[in-house]
Amino acid sequence: MNDLAHPPVGRTIRLTDKYALDHGRVYLTGIQALVRLPMDRVRLDRAAGLKTAGFISGYRGSPLAGYDQQLQAAAADLAAHDLRFTPGVNEELAATAVWGSQKTVSSGHGSDFDGVFGIWYGKAPGVDRSTDVFKHANASGTARHGGVLAIAGDDHLAKSSTVACQSEFQFADCEIPVLEPSDLQDVIDYGLAGLEMSRFSGLWVGMIALADTMDSSGVVDVSLARHVFGRPRAEFDPRARADVERPMLLRHRLDNEVSVREIRLPAAKAFARANRLDAQVFGANRPRIGFVASGKAYRDLRQAFEIVGLTEAKARALGVAIFKVGMSWPLEPIAIASFARGLERLVVVEHKRALIETQVKELAYPWPDHQRPAIWGKTTPGGEPFFSSVRDLAASDIVPALMAVVPGLGDDDAARAAADGLVAQAMWAAGHGADARRSPFFCAGCPHNTSTKTPEGARSMAGIGCHAMTELADRTTDGLSAMGGEGVLWVGQAPFSRDGHVFANLGDGTWFHSGSLAIRQAVVSGASITYKILYNDAVAMTGGQKVDGGALTVGRLTRSLEAEGVAKIVVVADEWERHVGSPELAAGVEVRPRADLLLVEKDLAATKGVTVLVYDQTCAAEKRRRRKRGLMVDPAKRVFVNERVCEDCGDCSKQSNCIAVAPIETPFGRKRRIDQATCNKDFSCETGFCPSFVEVIGGKLRREGRRIDPAALTEGLPVPGRAALDRTLDLVIAGIGGMGVTTAAAVLAMAAHVDGHDVTTLDMTGLAQKGGPVTSHVCFSRFGRPIEGPRVPTASLDVLI
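We now turn to the structure provided with this report. (Residues numbered from 1 in each chain as written. Predicted model: local features only at pLDDT ≥ 70, side-chain atom pairs only at ≥ 80, totals over all residues. Heavy atoms only, no water.)

1. Concerning the overall build of the protein
The helix and strand inventory of the protein stands at 25 helices and 28 strands. Scaling as 2.2 N^0.38, a compact globule of 801 residues should have a C-alpha radius of gyration of about 28 Å, and the protein matches this with 29 Å. Each principal axis of the C-alpha atoms in the protein carries an extent, and together these give about 85 × 80 × 55 Å. Put simply, the protein has 801 residues, and 54% of those count as buried. Across the protein, the fraction of contacts at a sequence separation of at least 24, relative to all contacts at a separation of at least 6, is 76%. Counting 92 positive and 93 negative side-chain charges, the protein places the centres of these two groups 2 Å from one another. (Helix = DSSP H or I, 4+ residues; strand = E, 2+ residues; numbered from the N terminus. Rg over C-alpha atoms; globule rule 2.2 N^0.38 Å. Buried < 20%, exposed > 50% of the residue type's maximum accessible area, 1.4 Å probe, protein only. Contact = heavy atoms within 4.5 Å. Lys, Arg positive; Asp, Glu negative; His and termini not counted. Charge placed at Lys NZ, Arg CZ, Asp CG, Glu CD.)

2. Observations concerning a nonpolar patch on the surface
A contiguous nonpolar surface patch, about 230 Å² in accessible area, is contributed by L748, V799 and I801. Within the fold, V799 resides in strand β28 (residues 799-800). (Patch = residues over 30% accessible without salt bridge, like charges linked within 9 Å, V, L, I, M, F, W, Y side chains within 5 Å. Areas by Shrake-Rupley, 256 points an atom, 1.4 Å probe, with all protein chains shown as cover. Salt bridge = Lys/Arg side-chain N within 4 Å of Asp/Glu carboxyl O.)

3. Some words on the sheet that holds strand β16 (residues 502-507)
With parallel pairing, six strands are arranged side by side in an open sheet as β15-β16-β17-β20-β18-β19. Each edge of the sheet is formed by a strand with only one pairing partner; in this case those strands are β15 (460-461) and β19 (590-593). As paired strands, strand β17 (residues 529-535) and strand β20 (residues 610-616) are joined by seven bridges and run parallel to one another. In the strand pairing of β20, T530 is matched with T611. Sheet contacts for helix α21 (residues 597-605): β16, β17, β18 (568-573), β19 and β20; angle to β20, the most-contacted strand, approximately 165°. (Pairing = 2+ DSSP bridges. Axes fitted to C-alpha atoms, helices over the stretch in contact; angles between N-to-C directions.)

4. Considering the sheet that holds strand β8 (residues 216-221)
Strand order in this open sheet of six strands is β1-β8-β26-β27-β25-β28, and the pairing throughout is mixed. Of all the strands in the sheet, the pair left with one neighbour each is β1 (25-29) and β28. Seen against the sheet, helix α25 (residues 741-754) touches β1, β8, β25 (729-736), β26 (758-764) and β27 (773-781) and runs at an angle of roughly 10° to β27.

5. A closer look at the side chain of D45
Position of D45 among the secondary structure elements: in helix α2 (residues 30-47). On the basis of relative accessibility, which here comes to 1%, the residue D45 falls in the buried class. Those residues in contact with D45, other than ones at most four positions away along the chain, are L50, T52 and R199.

6. Focus on the packing of aromatic side chains
Following the criterion strictly, the structure yields twelve aromatic pairs and no others. Between F386 and F387, the ring centres sit 4.7 Å apart and the planes meet at 55°, which makes this aromatic pair tilted. Its guanidinium or amino end placed over the ring of F503, K532 lies 5.7 Å from that ring's centre, counting from NZ or CZ. The side chain of R644 reaches across the aromatic face of F668, ending 4.0 Å from its centre. (Phe/Tyr/Trp six-rings, centres within 6.5 Å; stacked < 30°, edge-to-face > 60°. Lys NZ or Arg CZ within 6 Å of the ring centre and 35° of its normal.)

7. Things to note about the pattern of salt bridges
Applying the stated criterion across every chain yields a total of 52 salt bridges. Close ionic contact of D68 with R60 constitutes a salt bridge, the shortest N to O distance being 3.0 Å. Since its relative accessible area comes to 2%, D68 is described here as buried. Residue R60 is classed as buried on the basis of its relative accessible area, which comes to 6%. With a closest N to O distance of 2.6 Å, R672 and D648 form a salt bridge. Residue R672 is found in strand β23 (residues 669-674), and its partner D648 is found in the loop between β21 (637-641) and α23 (651-656); the two are separated by 24 residues along the sequence. For the pair formed by R672 and D648, the shared burial category is buried. Three or more residues joined by partner-sharing salt bridges are found here, namely D212, K296, D300, D392 and R791.

What follows is the structure in structure tokens.
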């Protein structure tokens, strides 16, 4: 970081604070950094005398689930910077719109702007489905004062995805350079550098976003003065050698390929070299042992160095150095060759599949024997397994590697003790089930508690959405498909299967995204299948947003389905009276109460062809939010269980499938109760016949216990000591969704920032709002002392809450 003035202690800094814009450091989350990024691009352009605008489009998904919400919240700031955010119906359409932004100035009657830059965002599956657009758009080129940054949200461990994600190879296949931020500072720096590279080279530029950056927060240097970009020599300028901004015309197909491969990719490498995106950042000036790392792996490597006490001074004494790669593909050859030639050993540390390692080996192959180092990566130089290629590398994986490849480190008693303790702790955790996870489940009153029921013996296919968790309730008989392919697995089975019919779950958001095509495919195939489309009025898994466009209604949905040729449509609703006689519904659509669900399903299963059951019930989590904000009527009714009458037969739990119906031990044995703190007033628990239920109309919950004086809680307790912060202080807060874990972490982090310290947080949430586990890592350090990664490594915890 530049040596800039620190904000005054106690000062609150807003995203648009003039002080933060020009002079200093600001506390940001990863998503806020992405919101700030296009604003800073416009500010830099205005300072250079350019009138530019920006266009942002994409599709939400972890770890970028909240990006659209934050952009909408910052609408006034975006408008002030000529930035336009338009959500994509799906990822490939968003990418096509961003591609179009690059033709604004050169098409038709031109524009009042000098250029328009574009930002695309999407989760890794969205990268997969957009690669055709990426290839076309990348070949078509970018505007001189435009440029495109494509941000890919990856999930290495499939914590909130159906498959593990690694998008670098998709970008490389599209011949799009890939930038790998290692922390929040890199998100800003690499993002702006990526747009500048895109303008210079005429290529799209990809940037990898992981949960460790997007779900973290920290102090970032946001001064515009740090962003001064070097210009490669004139012979590398693609715009001086060829037309790199042309539309996709048939006569240019092969010319575009030549332009990308022989002119523009070399230009991207030249830009990376001129701006030192890849460079040695740590250790000996003339090393014997070199480490190469990029992105999150770089921070994990630095964390491992810190654990074993490999300080800068000790690394120099041992002849060890680290080379940080900012652009993982295509690897810029001159800087890495300058670092690696003549080393005894070169260790490439990267998560998942090897990308940098293979490029280094290809580059080093023609070097003379005395200049070619022994390369350790996914395998040793002898071919034995070394680093895993199927998961993230933790400090417990990297530290043993350090002991194996750094001569003399094993003779250091402190380093050996730290390594042994780390490995022992990791083995103990694995042997004692410490990796066990709390299973998430539907919220209390979730529509899926009812909608996912099927007649006994029926086959049911899952889809992308909360209803995928039906496998935990044994309501799904078949596995998942990719988003937009729900039910189409049956098209390939139906002609040969002994079964005559299946059900397939499909969310309204997924239907709007791409699922309508799945229904069209099923119709043309002639298969007999019932699609159960849950209309819950929110994209529940990614923050409760409206379906993009916000204009999808049950009536419009039925009319679209009618036009597709669906054989029969039935609407089943919680408040079914609202739809009876509605002129918005398609002709012939039947409306039934949700109590008739199984009867309707049996009828549809007996109907030949494609049938659709539209289940209308608002998301329980959204109901709760809207009731608190006064946007939805809160029923003046609560249900209780009389424990003296209850016989714990469990029928209320079976009928409702609701987590608010909980067991309780009493002097008279185990009974059932309604947890009023989690109950969302679905009332499906009353469906069964039970005399123990009691309805209270018009009453309000009474606060339990007396009001406690906060001062009394601390009376007699010793004043805690103040941490010296001569090293990073690591704190972890653990709980489940809804307990305020991330809020507590944010409060502590902001307090540390106000006190003038450096701090990072990392919120591991996954399916938190479905009662899943939540863990917040909070790391504190004195001002100016770097924090090596926001994640607290194994056996390094100082405080646990």
